[in-house]
Amino acid sequence: MRTFFGEKIMNITVIGAGPGGYEAAIAAAKYGADVTLVEKDEVGGTCLNRGCIPTKAFLGASDALDAVEHAKDFGISVENVSVDYPAIVARKNKIKDGLVKGIKFLLDQNGIRLVKGTAFIESPQLVTVQTEEGPVNVESDKMIIATGSVPVVPKMFKYDGTKVITSDEILDLQEAPKSIIIVGGGVIGCEIGQFLAKMGSKVTIVEALKQILPNEDADVSKQLLRQLKREKIKVITGTAVSEVTVTDDGVKADLANGKSVEADLMLVSIGRRAYLDRLGYEKAGVETDDKGRINVDETMVTNVPNIYAIGDIVATPQLAHVASKEGVTAAQNAVKGMDKKVSYKAVPACVFTDPEVAAVGIREDQAAAAGIETKTGTFEFRGLGKAQAMGKIQGTVKIITDPDNVIIGASVIGPHASDLLAELTMAVELGLTAEQLGDVIHPHPSLSEAVMEAAHDVHGMSIHK
Ligand code: FAD
């Protein structure tokens, strides 16, 4: 701890500059700490460089293509439509580079020392960073570990980075594959599968569980499945890949149901694991769980009092906004000695397919399986003037309440579902009732009217249903 005109200044080291780490670093600096942020790759982490933003840039391109292809529904004719795939990748890189620059500017503005290199924890107070210029020792009072996650690729998939790839490699292909097998029908598999299908790839999604988006509402999953099938995506559920053969022409996947699928490329998107490889957290006495994730409490502190851990390395949802919330909370507790706890009551989860899927709180089937008594209210987007005007009528808002009408969950599939979810997240977090949400005047014409109508529907008062 240094002093400045008699005032103590805390030193803090943050390892990893993803959405968890860089936000923790900025919050810590704003609270007056002297912050060193260590990053071995590029600031922004998975989210900005290989995750949320690149995939959404791709989906921006497929949305644009979709709009052009459906322009005639709006009385507009467009001819000679073509896709320039390298230009889509270049646009994605430009967006990413601009945002990386923006984060570097913020770090600079907040007086954060960014050290480029790989961090090794030597003790609770000492980190050695392997930089291009050699090792650098960073001593600090407190530490926040935010080293993120990497794709899980079991050996049987014969990952080679060229024919059998992960989401890390798929983002920089210079052309859409003619055909692709996507193993895993979760968020990444569905988003990338739909994008590539719109770019002309023949896509087969293989999902071991009984539905795509296994964590989501069964009705929502079915609606999305129907859309993927309309787009000629082949979806095989309830069977796993049992063997992978890499051939001169591509990849063959044998399935547990005795069938097989062949394609030019295979994307393995079956999950991500905490990345703590060679970090040396054990040297500081930090403990992990049986899945190799760092144990923390709701204040984000580990079993070592001056070490905090946040984001994809802890056992909470692997989402950028969760990592950021945990990062800021860790900074508040570490620097200011606050006792802030992260509330996981209302964690929004979004899938940026077309239509989008978004959910918060309990899903209807999860509640049923757990024997929790619920009521539901639904409203279909086709009943809204705004959705009709936009030509985006597919989808539903479903609100789940307890028997007293307190909103405990919501699942949305439809246009701008991720934006509509913010209001529902607030309702779940604050424990609003369906009446309270429905009584709020919602703008007309807007998609948010579907949320209001679904809230009214919980007690049979939807006007337009
Ligand atoms: P990361 O973002 O993984 O950052 C960790 C950083 O630590 C990395 O930059 C890494 O280089 C660095 N690091 C690791 N070890 C060391 C070391 N020893 N020394 C120095 N630096 C180190 N989430 C959403 O909320 N919305 C989405 O739409 C979404 N889309 C996604 C799409 C894809 C294809 C993928 C792969 C993920 C997506 N995610 C999405 C998940 C999201 O990217 C992660 O949850 C988020 O990035 C986790 O943040 P983090 O700060 O914990 O870790």
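Undergrad: So what exactly am I meant to see when it comes to the site of the ligand here?
TA: Close to the ligand lie 40 residues; Glu39, Thr46, Lys56, Ala119 and Ala320 are nearest. Side-chain polar atom of Glu39 to an oxygen atom of the ligand: 2.6 Å apart, as the coordinates give it. At 3.2 Å from a nitrogen atom of the ligand is found a main-chain nitrogen or oxygen belonging to Lys40. Counting residues per element, the shell around the ligand draws most heavily on helix 2 (residues 45-50), at 4 residues. Looking at the shell around the ligand, its residues break down into 15 nonpolar, 17 polar and 8 charged.

Undergrad: Explain the packing of helix 1 (residues 19-30) against helix 8 (residues 320-336) here, please?
TA: Each packed pair of helices is defined by two parameters, the angle between the axes and the distance between the axes. Close contact between helix 1 and helix 8 brings their axes to 7 Å; oriented N to C, the two are set at 30°. The orientation of helix 1 with respect to helix 8, classified from their angle, is roughly parallel. In this structure, helix 1 meets helix 8 at a crossing whose hand is right-handed. Contact residues: Pro19, Gly20, Glu23, Ala24, Ala27 and Ala28 in helix 1; Ala320, Ala323, Ser324, Gly327, Val328, Ala331 and Val335 in helix 8.

Undergrad: Please clarify how the nonpolar core should be interpreted in this entry.
TA: One broad trend across soluble globular proteins is that nonpolar side chains are buried collectively. Among the nonpolar cores identified, the biggest contains 52 residues, and Val35, Ile121 and Ile145 are the most heavily contacted of them. The leading source of residues in this core is helix 1, at 7 residues. Once you skip the residues sitting within four places of it in the chain, Ile145 turns out to touch Ile15, Ile121, Leu279, Ile294, Ile307, Tyr308, Ala309, Ile310 and Ile313. Membership of the second largest hydrophobic core comes to 33 residues, among which are Tyr85, Leu171, Ile180 and Leu213.

Undergrad: What should I look at first to understand the sheet that holds strand 13 (residues 202-207) in this one?
TA: One key point about sheets: their strands pair by backbone hydrogen bonds, in either a parallel or an antiparallel sense. Strand order in the open sheet formed by 5 strands is 11-18-12-13-14, and the pairing between neighbours is parallel. Every interior strand has two partners, whereas the edge strands, strand 11 (164-165) and strand 14 (234-237), have only one. Where strand 12 (residues 179-183) meets strand 18 (residues 265-268), 4 bridges bridge the pair, whose relative direction is parallel. Residue pairing in the sheet places Ile182 in a bridge with Leu267 of strand 18. Across the sheet, helix 6 (residues 187-198) touches strand 12, strand 13 and strand 18, and the angle it forms with strand 13 is around 165°.

Undergrad: Just to check I follow, could you spell out helix 3 (residues 52-69) for this structure?
TA: Quick reminder: α-helices carry 3.6 residues per turn. Residues three or four places apart thus point the same way. Under the 1.5 Å per step criterion, the end-to-end length of helix 3 is 25 Å for 18 residues, consistent within 8% with the ideal 26 Å. Among the residues of helix 3, those classed as buried are Pro54, Thr55, Ala57, Phe58, Leu59, Ala61, Ser62, Leu65 and Asp66. Its buried side turned inward, helix 3 meets helix 2, helix 4 (85-109), helix 5 (167-170) and helix 6.

Undergrad: Sorry if this is basic, but what is going on with the pattern of salt bridges here?
TA: As a working rule, side chains carrying opposite charge can pair if their charged atoms are close by. Tallying each qualifying case throughout the model produces 19 salt bridges. Through salt bridges with shared partners, one network takes in Asp66, Lys198, Asp354 and Lys392.

Undergrad: Would you mind going over the domain arrangement of the chain with me for this structure?
TA: Segmentation of the chain into domains returns domain 1 (2-150 + 274-336), domain 2 (155-270) and domain 3 (349-457). For domain 1 and domain 3, the distance between their C-alpha centroids amounts to 31 Å. The partner domain 3 presents 7 residues to the 5 residues of domain 1 that form the contact. Taken together, both faces of the contact between domain 1 and domain 3 bury some 420 Å²; the carbon and sulfur share is 59%. For the pair domain 1 and domain 3, the number of links is 0 residue pairs in polar contact (both at pLDDT 80 or more). Counted by class, the side of domain 1 that touches domain 3 contains 3 nonpolar, no polar and 2 charged residues.

Undergrad: Teacher, can you tell me more about empty space enclosed by the protein here?
TA: To find the voids left in a structure, one rolls a probe of water-molecule size over its atoms. Applying the stated criterion across every chain yields a total of 3 cavities of 30 Å³ or more. Taken as a whole, the largest cavity spans an internal volume of roughly 60 Å³. Residue lining of the largest cavity: Pro151, Val152, Ser167, Ile188, Val268, Ser269, Ile270, Gly271 and Arg272, and that is the complete set. Within the lining of the largest cavity, the residues separate by chemical class into 5 nonpolar, 3 polar and 1 charged.

Conventions adopted
Residues numbered from 1 in each chain as written. Predicted model: local features only at pLDDT ≥ 70, side-chain atom pairs only at ≥ 80, totals over all residues. Heavy atoms only, no water. Near = heavy atom within 4 Å. Polar contact = N/O pair within 3.5 Å; in protein donor to acceptor, adjacent residues only side chain to side chain. Helix = DSSP H or I, 4+ residues; strand = E, 2+ residues; numbered from the N terminus. Nonpolar A, V, L, I, M, F, W, Y, C, P; charged D, E, K, R; others polar. Axes fitted to C-alpha atoms, helices over the stretch in contact; angles between N-to-C directions. Parallel < 35°, antiparallel > 145°, perpendicular 65-115°, else oblique. Left-handed = near helix turned anticlockwise from the far one by under 90°. Contact = heavy atoms within 4.5 Å. Core = buried A, V, L, I, M, F, W, Y, C linked by side-chain atoms within 4.5 Å. Buried < 20%, exposed > 50% of the residue type's maximum accessible area, 1.4 Å probe, protein only. Pairing = 2+ DSSP bridges. Expected span 1.5 Å × (residues − 1). Salt bridge = Lys/Arg side-chain N within 4 Å of Asp/Glu carboxyl O. Domains from an automatic or database assignment. Buried area = accessible area lost by both parts, 1.4 Å probe. 1 Å grid on protein atoms, 1.4 Å probe; cavity = no way out; pocket = protein on both sides within 12 Å on 5 of 7 lines; lining within 4 Å. Points joined across faces, edges and corners; volume = space filled by probe spheres on them.

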